[in-house]
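# Architecture and fold: a report
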Amino acid sequence: MAEMEDAFDAIVVGAGPSGNAAAYTLAKEGLSVLQIERGEYAGSKNVQGAILYSDALEKIIPEFREEAPLERHVIEQRMWSMDDTSHTGMHYRSGDFNEEKPNRYTILRAQFDKWFSAKVKEAGALVLCETTVTELVKDLTGRVIGVRTDRQGNPIFAPVVILAEGVNGLVGQRSGLRPEIAPESVALAVKEMHFLPRETIEARFNLKGNEGVVIEAMGTITRGMTGTGFLYTNEESISVGIGCIVSDFAQGEVTPAELLEAFKAHPSIAPLLEGSEVKEYAAHLIPEGGYKAIPQLTGDGWIVVGDAGQFVNAVHREGSNLAMTTGRIAAETVVALHRKGEAMDGYTLKEYERRLEATFVMKDLKKYKGIPGLLDANKATFFGTYPRLFSQAMQTWFRVDGVDKKTKEKAILKSFRDSRSLRGLLGDAWRVARAWR
Amino acid sequence: MTEIATATKVEEKLFQNRYLVDAGKPHIRVREHEVPSASLLAMTRLCPAGCYAVTETGQVEVAADGCLECGTCRILTRKTGEVEWNYPRGGFGVLYKFG
Ligand SMILES: Cc1cc2nc3c(=O)[nH]c(=O)nc-3n(C[C@H](O)[C@H](O)[C@H](O)COP(=O)(O)OP(=O)(O)OC[C@H]3O[C@@H](n4cnc5c(N)ncnc54)[C@H](O)[C@@H]3O)c2cc1C
Ligand code: SF4
């Protein structure tokens, strides 16, 4: 086979956080990079809650706070266990989060990705939008040597292709680099953007200036399916959404839109959204299979980063930071090999995986490897029984009705024992502790 | 300003969104079938954009103009192969302003 002329040092498929982190890092180090994105602009296909975790971005663009379109920095986290009419909350609010370099921000992904993409171009990468990569080009040995797109023209060659194509990952799957994702390993989330004047948001959530609140909710809102709801404050809007595992949705009876409407109408949520104007409805998948669902990550001429590699920590609702970190580390690996003039093959690229092992990405995913299985096996208990029991217990405890406290205590303990039995309760505690380790 | 939206009509939700439809080139097709599998039938409820419907003769059809490109139908029917799924041509399809 004739030698193919490499047009670039690397090709990056996708311009989400993982692809942008990779392309930026490569270009900054002087490599010639082609990044291909199917959307009209970077971000036009992308959906997130969205919380941005500063640390991962700071390691790529230290001065991002001065330029990135950030909405509010998060000073308060609300964790809610919900039944049909109430929520039991754990709130953490701290003045310490009003720091010079805040730790978490709310963002709007379409706008954030557009900004990040501009930085990638500034760093010197060639960014080609409105172009879908249709397949990988391989040589006779099966080595990936380039990509083909839906634009007319010849394939484009490079010694390495970084697949930052997101959760659906059609290119890698169709080229046989990894299997299709299972409906059990992925959640479908629907989300709406509710606009309100900023003063209204600040009054409703007790905020000043650019302070923000995030709410993460679980319970009967997902009707016994494994899933969560969320509500995040932006500058002049509120992002509200809910998501459940696809295989649960398939067995259930509700539509995603109905689930979202019911969440929005919940007495704990409705007053927060009252009077808002809805300007967008979005849906997106979230890979939630965790550590056990991570596919093969490297091979001859290719590396997988971000959602395409299932890099999401569903327990902590972290994804974009894992995406940026895997994108950056993949790029750093490629830069090192490029400088040494080494081939980018399955053997040398393994260095990417070794580097990842040393970071929070792999450590956290390993820590929670038992969680997806645990939740799936016990969803009726964790997303139905317990939230109901907590709510009833709270109500019994706080309602003043002439019943003495000892009797109330007994009633609460009995309600737990009747629903779960003592063995069931101990077993649940043991299973959670083990999966959490 | 409107009261909090309580409509469950998905079409009304999609109305808020921006799309660039690639006329005459649907990116999703349902393969010809007599009887739909349970997974394909489930898509009539599960598609967040309500793109799937059952015809009078009991087959499932798709109209992908309002598609949000989530990929749920692709993943759920991966075993039966009843859905032929591609991304819309570069630049076409849903255009999120906020995401
Ligand atoms: C509702 C929701 C809420 C979330 N909330 C949070 C949160 O609060 N915080 C957080 O950190 N994470 C959150 N996540 C997860 C986070 O969004 C993802 O982990 C992150 O976007 C992954 O980045 P990525 O670059 O790997 O993939 P993506 O962001 O999906 O980017 C992939 C890109 O590749 C492009 N592409 C795909 N295929 C092709 C092709 N063949 N040719 C050309 N281009 C292609 C796509 O158009 C897209 O731009 C949330 C996700 C969802 C759905
Ligand atoms: S990709 Fe998602 S929105 Fe589009 S038709 Fe399939 S399920 Fe519906």
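Thresholds, definitions, all that
- Residues numbered from 1 in each chain as written.
- Chains lettered and ligands numbered in written order.
- Predicted model: local features only at pLDDT ≥ 70, side-chain atom pairs only at ≥ 80, totals over all residues.
- Heavy atoms only, no water.
- Near = heavy atom within 4 Å.
- Polar contact = N/O pair within 3.5 Å; in protein donor to acceptor, adjacent residues only side chain to side chain.
- Areas by Shrake-Rupley, 256 points an atom, 1.4 Å probe, with all protein chains shown as cover.
- Helix = DSSP H or I, 4+ residues; strand = E, 2+ residues; numbered from the N terminus.
- Nonpolar A, V, L, I, M, F, W, Y, C, P; charged D, E, K, R; others polar.
- Domains from an automatic or database assignment.
- Pairing = 2+ DSSP bridges.
- Buried < 20%, exposed > 50% of the residue type's maximum accessible area, 1.4 Å probe, protein only.
- pLDDT = per-residue confidence, 0-100.
- Contact = heavy atoms within 4.5 Å.
- 1 Å grid on protein atoms, 1.4 Å probe; cavity = no way out; pocket = protein on both sides within 12 Å on 5 of 7 lines; lining within 4 Å.
- Sits in = over half its atoms within 2 Å of the grid points.
- Salt bridge = Lys/Arg side-chain N within 4 Å of Asp/Glu carboxyl O.
- Patch = residues over 30% accessible without salt bridge, like charges linked within 9 Å, V, L, I, M, F, W, Y side chains within 5 Å.
- Points joined across faces, edges and corners; volume = space filled by probe spheres on them.

## Some details on the site of ligand 1
Around ligand 1, a shell composed of 40 residues is seen, among which Ser18(A), Glu37(A), Arg109(A), Asp307(A) and Ser320(A) lie nearest. Positioned at a junction of chains, ligand 1 has nearby residues supplied by chains A and B. In the model, an oxygen atom of ligand 1 is placed 3.2 Å from a nitrogen or oxygen of the Pro17(A) main chain. Measuring from an oxygen atom of ligand 1, one finds a side-chain N or O atom of Ser18(A) at 2.8 Å. Calculation on ligand 1 without its partners gives an accessible area of 1,000 Å², and the protein chains cover 97% of this total. The set of elements that each furnish at least two residues to the shell around ligand 1 consists of α1 (17-28), β3 (51-53), β16 (277-287) and α9 (320-340) of chain A. Here the residues of the shell around ligand 1 sort into 18 nonpolar, 14 polar and eight charged. No fewer than three residues from each of domain 1 (6-69 + 109-179 + 295-367) and domain 2 (183-287) of chain A sit in the shell around ligand 1.

## Focus: the sheet that holds strand β10 (residues 156-157) of chain A
All names here are of chain A. In space, the three strands of this open sheet follow the order β8-β9-β10, with antiparallel pairing throughout. What marks the edges here is a single partner per strand, and that holds for β8 (133-138) and β10. Relative to β10, strand β9 (residues 144-149) is paired through two bridges, and the arrangement is antiparallel. The residue bridging Val147 from the neighbouring strand is Ile156, located in β10.

## Quick word on the pairing of strand β13 (residues 211-219) of chain A
Residues and elements named next belong to chain A. Where burial is concerned, most of β13 is hidden: eight out of the nine residues are buried. Two elements, strand β4 (residues 72-82) and β13, share nine bridges in a ladder whose sense is parallel. Following the sheet pairing, Gln77 is matched in β13 by Val214. In this sheet, strand β14 (residues 227-233) lies alongside β13 in antiparallel orientation, the contact comprising four bridges. In the sheet register, Val214 faces β14, and the bridge partner there is Tyr232.

## With respect to the confidence of the model for chain B
All names here are of chain B. For chain B, per-residue confidence averages 91 on the pLDDT scale, and 92% of positions sit at 70 or higher. Counting interchain partners and residues more than four positions distant, the pLDDT-below-50 stretch residues 1-7 has 18 contacts. For this predicted complex, the interface confidence comes out at an ipTM of 0.93, alongside a pTM of 0.95.

## Focus on the site of ligand 2
Residue and element names in this part refer to chain B. Of all residues adjacent to ligand 2, which total 15 residues, the nearest are Cys47, Cys67, Cys70, Gly71 and Cys73. Among the detected pockets, ligand 2 sits in the second largest cavity. Partitioned by chemical class, the residues of the shell around ligand 2 number twelve nonpolar, two polar and one charged.

## Some thoughts on the pattern of salt bridges
If the charged atoms of two oppositely charged side chains come close together, the side chains can form a pair. In the structure shown here, the tally under the stated rule is 37 salt bridges over all chains. The closest approach of N and O atoms between Glu76(A) and Arg93(A), which form a salt bridge, is 2.7 Å. With Glu76(A) in strand β4 and Arg93(A) in strand β5 (residues 87-93), this pair connects stretches of sequence that are 17 residues apart. Glu192(A) is paired through a salt bridge with Lys13(B); the nearest N and O atoms lie 2.4 Å apart. Note that Glu192(A) is positioned in strand β12 (residues 186-195) and Lys13(B) in helix α1 (residues 10-14), a pairing that runs across two chains. The buried category is assigned to Lys13(B), whose relative accessible area is 6%. Three or more residues are tied together by salt bridges with common partners; here these are Arg72(A), Arg198(A), Glu202(A) and Glu235(A).

## So, the environment of Val35(B)
The residue Val35(B) is located in the loop between β2 (28-30) and α2 (38-46) in this model. Between the C-alpha atoms of Val35(B) and Gly91(B), which are 56 residues apart in sequence, the distance is 35 Å.

## Observations concerning the pairing of strand β15 (residues 237-245) of chain A
Residues and elements named next belong to chain A. Within β15, nine of the nine residues are buried, leaving the element largely enclosed by the surrounding structure. When β12 meets β15, the two strands line up antiparallel, connected through nine bridges. Bridge pairing links Val190 to Ile242 in β15. Looking at chain direction, β14 and β15 are connected through seven bridges and run antiparallel. Looking across to β15, one finds that Gly227 is bridged to Cys244. The antiparallel pairing of β14 with β15 creates a hairpin that spans three residues between the two strands.

## A look at a nonpolar patch on the surface
On the surface, Val315(A), Val432(A) and Trp436(A) cluster together to form a nonpolar patch covering roughly 230 Å² of accessible area. Residue placement: Trp436(A) occurs in helix α14 (residues 405-436).

## Quick look at empty space enclosed by the protein
Residues and elements named next belong to chain B. Counted by the stated rule, this structure contains two cavities of 30 Å³ or more. Roughly 90 Å³ of internal volume is contained in the second largest cavity. Forming the walls of the second largest cavity are 15 residues, and the residues nearest its centre are Ile28, Cys47, Cys67, Cys70 and Cys73. Of the residues that constitute the lining of the second largest cavity, the class distribution is twelve nonpolar, two polar and one charged.

## Some details on the environment of Ser185(A)
Residues and elements named next belong to chain A. Along the chain, Ser185 turns up in the loop between α4 (170-174) and β12. Placed 108 residues apart in sequence, Ser185 and Ala293 show a C-alpha to C-alpha distance of 7.2 Å. Setting aside chain neighbours within four positions, we find Ser185 in contact with Ile286, Pro287, Glu288, Gly289, Ala293 and Gln310.

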